[in-house]
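Read off the chains here:
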Amino acid sequence: GTVVGVVGITGDPEEIKGVAQLVRMAAELIVEQEENTYRFFMHRNDKNAFVISLLNDAASGNIKGISNWALELGYDMAIPRVACLIDSPGGGESAGIERQECRLNAVKDSEFHKRQDISVSMGNNVLVFKSLKGSAPWEIENEVSEYVEGIKSGPDSEFLKGLRCCVGAFHPGIAGYSLSYADAGRLQTHYPARQGLKFAHRRMSAALIDNLRADYREMIVKPYICAIKREFGDGAGDAVGTARALLENGFRYDDAAQKLYVHRNTIAFRRKKLEKCLNLDPRNNSEDQLLLMMILMEFDCADRS
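Criteria and cut-off values
Residues numbered from 1 in each chain as written. Predicted model: local features only at pLDDT ≥ 70, side-chain atom pairs only at ≥ 80, totals over all residues. Heavy atoms only, no water. Core = buried A, V, L, I, M, F, W, Y, C linked by side-chain atoms within 4.5 Å. Buried < 20%, exposed > 50% of the residue type's maximum accessible area, 1.4 Å probe, protein only. Contact = heavy atoms within 4.5 Å. Helix = DSSP H or I, 4+ residues; strand = E, 2+ residues; numbered from the N terminus. Polar contact = N/O pair within 3.5 Å; in protein donor to acceptor, adjacent residues only side chain to side chain. Axes fitted to C-alpha atoms, helices over the stretch in contact; angles between N-to-C directions. Parallel < 35°, antiparallel > 145°, perpendicular 65-115°, else oblique. Nonpolar A, V, L, I, M, F, W, Y, C, P; charged D, E, K, R; others polar. Salt bridge = Lys/Arg side-chain N within 4 Å of Asp/Glu carboxyl O.

For the rest of this paragraph, the subject is the nonpolar core. Core analysis: the largest hydrophobic core is formed by 53 residues, its most contacted members being F50, V51, L54, M77, L127, F129 and I228. Aside from chain neighbours lying at most four places away, what touches L54 is I66, M77, F129, I174, Y177 and S178. One finds V82, Y147, L160 and L163 within the second-largest nonpolar core, a separate group that totals 21 residues.

Here it is, written out as structure tokens:
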């Protein structure tokens, strides 16, 4: 209902009346499309800025400002949410920014993605603050598992092949969003290149190693890592991989061997040599098992650095 421009057409009014109507309609469509595109990008940029503020400004106490901003965007911050970091090698020939955009759209276009789910591209990841009906750990597992299975079967699922989703724990309040995001990021750091779903409340050892006192890490955990490298040399990575496979498969040799594509005797040999080297019995001692988990995670971090 507002004049935004004038299109002039010369000629006899009676002869050009029909053409003029077509030109007017085409011009209106072009302007409307541009306006919708502008609003789309403005909304997306506003949402991206909101999420960045949510992850940073909440720690500085700007709770009221973030809450008001959320209302403008249509988000009810009273709804519990957890951070889900989603990445995948999928995407076919697309790369870089195009792949990120396609991956984000694949998530948003799923019928399982709800209006109150806050989603943005974050580096190589899609960050979704998934809205929940309940915040208990088992409720989070059920809802997020259903959500992830749903988006994997969506119309653009080829962009989510090999999907990995790291899910932070629920932390109440505005300040809890950055904590949940940190949980998810910690899982990505300590459990790299592994597909599937990982929940922070099921991987508590990651939080323990991150919050371990620096002197404990230096004087207790690192000497074990040095012992592994000294004993196994270039095979230290294989030894650590074997220990991890045993832990994840309840110390069942056949299952661990199948996962690593080696003979079960190789698993038995490496385990015996590793436990002798470390003087630990993680299968029969829960404290030794926790220590071994910390050793493996610290080994991965040191190896990547």
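Right, picking up where we left off after that structure.
A few words now on the side chain of Q116. In this structure, Q116 sits in the loop between α3 (96-108) and β2 (118-122). Polar contacts involving the side chain of Q116 include one to the side chain of R81, which spans 2.7 Å. Apart from the residues within four sequence positions on either side, Q116 is in contact with G74, Y75, D76, I79, R81, F129 and S131.

This part covers unusual backbone geometry. At F251, a residue that is not glycine, the phi angle is positive and equals roughly 60 degrees. The exposure class assigned to F251 is buried, which follows from its relative accessible area of 9%. Unlike most non-glycine residues, N279 shows phi in positive territory, near 60 degrees. Here N279 shows up in the loop between α10 (264-278) and α11 (286-304). A residue is classified by how much of its surface remains accessible, and N279, at 67% relative accessible area, is exposed.

For the rest of this paragraph, the subject is the environment of F269. Within the element layout of this structure, F269 appears in helix α10. Remark: the alpha-carbon pair of F269 and A239, spanning 30 residues in sequence, is separated by 9.9 Å.

Before going further, it helps to spend a moment on the packing of helix α9 (residues 253-260) against α10. Working note: a packed helix pair is described by the angle between its axes plus the distance between those axes. Between α9 and α10, the shortest axis-to-axis distance is 8 Å and the interhelical angle comes to 105 degrees. Our classification of the angle between α9 and α10 gives roughly perpendicular. In this structure, α9 uses Y253, D254, A256, A257 and L260 to contact α10, whose residues at the interface are R264, I267, A268 and R271. Among the residues making up the contact of α9 with α10, the classes are represented as six nonpolar, no polar and three charged.

The subject of this paragraph is the pattern of salt bridges. Evaluated as defined, the whole model comprises 12 salt bridges. Ionic pairing is found between R164 and D87, a salt bridge with its closest N-O pair at 2.9 Å. Within this pair, whereas R164 is found in strand β4 (residues 164-167), its partner D87 is found in strand β1 (residues 81-87), the two being separated by 77 residues in sequence. For R164, a relative accessible area of 11% corresponds to the buried category. K222 is paired through a salt bridge with E218; the nearest N and O atoms lie 3.4 Å apart. Of this pair, K222 and E218 both sit in helix α7 (residues 214-232), four residues apart, which is roughly one turn of the helix.

Purely geometric numbers; function is a separate question.
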